[in-house]
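# Descriptive structure summary
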Amino acid sequence: MRDNITLLAGVEAPESTPWPPFDSRALNFLSDLSAEVLGAPDTRRLEAAAAFGFWCRRPRLEALARRHASPLPRLGRGLIFHLAPSNVPAMFAYTMALGLLAGNANIVRLSSRRAEEEAPLVAAIGRVLDRPEHAGVKARTALVSYERDDTITAEFCARCDGRVVWGGDATVAALRAMPMPPHAVELCFPDRWSLALFSQRYFSALDDEARRTLAHRFYNDTYQMDQNACSSPQLVLWLADGGDPDCRRQWWEAVAAEAEERYPFGPFQAARKLERLCTAAMTMEAPAAAGVERYGGNLLYVVNLAGLTAPLPELKGGFGLFFQGELSSLKELPPLTAPKVQTLVCAGVEPREVAALLAGHGAQGVDRVVAPGQALELDTIWDGKDVIAALSRMIGGEV
């Protein structure tokens, strides 16, 4: 491998023979990797790594295989190049797993900025790949790191059968300008943002224990990745369906208490949060920022919005900065959603009912509607795209 490319795990030149999706060799590897990650102290203590280990447990993988069962034979595309995001921990491992489950060989590029932080998880992957029983998976896997270099990236793209791009809009645009073979496929996951919908009546009826449980799950959706994940809620919409409006204060106090116990809050996080708050206060016009509430000192800021505009502009919180608005009726929700809105976290309203409402009203945005604690659970259907179907091909015939 070239001097300016570091091979972190796997082999330098992965073989690209496709496998069927959910091949037993891929399932066995990921199941063993789950056990390794959850059993090793250096990965078990890292929340993002542990969440990945939990995600690729055998029962979940088998449930995904049943979901994607096909009446026709399927094979992977071949060799997939993945560009993992630099601001979401463990995302490189998830995209590698998706490529494997779809039946592909994979080259995954980690940002050099993340290489040190991801080292324990990379090492765990390397240990499992080195086991003799997983030689077949190792032969089709390369985890690499290099400084941003369009020449290197273009070389990988030129010889792949598909690419998966996780990144900002500018990153997606730059990659789309790099040629691939004519048969190759592309999956892009550009900038998105997410929000939550909470029933005021439901939150008013919560006891302290139930509120703490929900706050714990909401923390996992947000603080765990500094709200950098596209599926982490930035805005909370309160449905004014009765109850006591003071439940909103009680809720944010519970979230701040959870953050005080778990969040590694330091000068960097404090400075970035204040910077984003000041930017929002100076630049937001519709809707405007009507005021700020603070909870737990500097741990949590809540920006109250002066009304809501349709469609909502992209709202960027982070590090414990949230926005807050109010709906008088669920029917007000669909027009607010723009194409960049990805995930809606619902509490006190049934996710399936909200999904049906959005679909029935032709909402421009929202691809997922989930309960608190599920926002970061990567799925094989993401941003409205079936990843397994996109990264594999059917072999059809006469009916």
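Presented here is an overview of the structure given in this document. Bear in mind that the values here come from a model prediction, so they are computed numbers and not experimental data.

Parameters and conventions
- Residues numbered from 1 in each chain as written.
- Predicted model: local features only at pLDDT ≥ 70, side-chain atom pairs only at ≥ 80, totals over all residues.
- Heavy atoms only, no water.
- Pairing = 2+ DSSP bridges.
- Helix = DSSP H or I, 4+ residues; strand = E, 2+ residues; numbered from the N terminus.
- Axes fitted to C-alpha atoms, helices over the stretch in contact; angles between N-to-C directions.
- Contact = heavy atoms within 4.5 Å.
- Core = buried A, V, L, I, M, F, W, Y, C linked by side-chain atoms within 4.5 Å.
- Buried < 20%, exposed > 50% of the residue type's maximum accessible area, 1.4 Å probe, protein only.
- Parallel < 35°, antiparallel > 145°, perpendicular 65-115°, else oblique.
- Left-handed = near helix turned anticlockwise from the far one by under 90°.
- Nonpolar A, V, L, I, M, F, W, Y, C, P; charged D, E, K, R; others polar.
- Expected span 1.5 Å × (residues − 1).
- Phe/Tyr/Trp six-rings, centres within 6.5 Å; stacked < 30°, edge-to-face > 60°.
- Lys NZ or Arg CZ within 6 Å of the ring centre and 35° of its normal.

Glancing now at the sheet that holds strand 13 (residues 341-347). Across the sheet, 7 strands lie side by side as 10-11-12-9-8-13-14; this open sheet has mixed pairing. The open sheet has two edge strands, strand 10 (288-295) and strand 14 (368-370), and neither has a second partner. Strand-to-strand twist of the sheet, defined as the mean angle between neighbouring strand axes without regard to direction, takes the value 25°. Across 6 bridges, strand 8 (residues 193-199) lies against strand 9 (residues 233-239) in parallel orientation. Looking at the pairing, Phe198 lines up with Trp238 of strand 9. This element, helix 11 (residues 208-221), spans strand 8, strand 9, strand 12 (321-327) and strand 13 of the sheet and lies at about 145° to strand 9.

Below, the discussion takes up the nonpolar core. Phe29, Trp55, Phe92 and Ile125 are the most contacted members of the largest nonpolar core, which has 53 residues in total. Discounting chain neighbours no more than four positions away, the residues touching Phe29 are Met96, Leu100, Ile125, Val128, Leu129, His134 and Val137. Listed in part, the 29 residues of the second largest apolar core include Cys247, Trp251, Tyr295 and Ala375.

Relative to each other, helix 11 and helix 12 (residues 247-262) sit at 60°, their axes nearing to 9 Å. Here helix 11 lies oblique to helix 12, going by the angle between them. Our pair here, helix 11 against helix 12, has a crossing hand that is right-handed. Seen from helix 11, the contacting residues are Arg211, Leu214, Ala215, His216, Phe218, Tyr219 and Asn220; seen from helix 12, they are Gln250, Trp251, Trp252, Ala254, Val255, Glu258, Ala259 and Arg262. Its residues assigned to classes, the contact of helix 11 with helix 12 comprises 9 nonpolar, 3 polar and 3 charged.

The end-to-end C-alpha separation of helix 1 (residues 24-39) is 22 Å, in line with the 22 Å expected for 16 residues at 1.5 Å each. Of the positions making up helix 1, those classed as buried are Ala26, Leu27, Phe29, Leu30, Ser31, Leu33, Ser34, Glu36 and Val37. Each element contacted by the buried residues of helix 1 is listed here: helix 2 (41-44), helix 3 (47-55), helix 4 (58-67), helix 5 (91-101), helix 6 (119-129) and helix 7 (135-138).

This part is about the pairing of strand 3 (residues 79-83). Most of strand 3 is tucked away, with 5 of its 5 residues classed as buried. Judged by which residues are buried, strand 3 turns out to be covered on both faces: Leu79, Phe81 and Leu83 on one side and Ile80 and His82 on the other are all buried. For strand 3 and strand 4 (residues 105-111), the ladder comprises 5 bridges, and the chain directions are parallel. Pairing of His82 across the sheet is with Val108, part of strand 4.

Below, the discussion takes up helix 6. Counted residue by residue, helix 6 has 8 buried out of 11 residues, so it is predominantly covered. Among all positions of helix 6, only Pro120, Leu121, Val122, Ala124, Ile125, Gly126, Val128 and Leu129 are buried.

Attention now moves to the sheet that holds strand 6 (residues 162-166). Judged by pairing direction, the sheet is mixed, and its 6 strands sit side by side in the order 1-5-4-3-6-7 without closing on themselves. Edge positions in the open sheet fall to strand 1 (6-10) and strand 7 (185-189), since each of these has one partner strand only. Adjacent strand axes in the sheet meet at a mean angle of 15°, parallel and antiparallel pairs treated alike. Both strand 4 and strand 5 (residues 141-146) contribute to a ladder of 6 bridges, which runs parallel. Following the sheet pairing, Val108 is matched in strand 5 by Leu143. Helix 5 rests against strand 3, strand 4, strand 5 and strand 6 of the sheet, and its axis sits at about 170° to strand 4.

Glancing now at the packing of aromatic side chains. The full count for this structure, using the stated rule, is 23 aromatic pairs. Residues Phe218 and Phe322 carry aromatic rings whose centres are separated by 5.4 Å and whose planes lie at 35° to one another, so their mutual orientation is tilted. Of this pair, Phe218 sits in helix 11 while Phe322 sits in strand 12, and the two are 104 residues apart along the sequence. On the basis of relative accessibility, which here comes to 0%, the residue Phe218 falls in the buried class. Through a chain of ring-to-ring contacts, the aromatic side chains of Phe198, Tyr202, Phe203, Phe218, Tyr219, Tyr223, Trp238, Trp251, Trp252, Tyr263, Phe265 and Phe322 assemble into a single cluster. Geometry around Trp19 places Arg25 over its ring, the cationic atom sitting 3.8 Å from the centre. The cationic tip of Lys273 hangs over the ring face of Tyr301; the distance from NZ or CZ to the ring centre is 5.0 Å.

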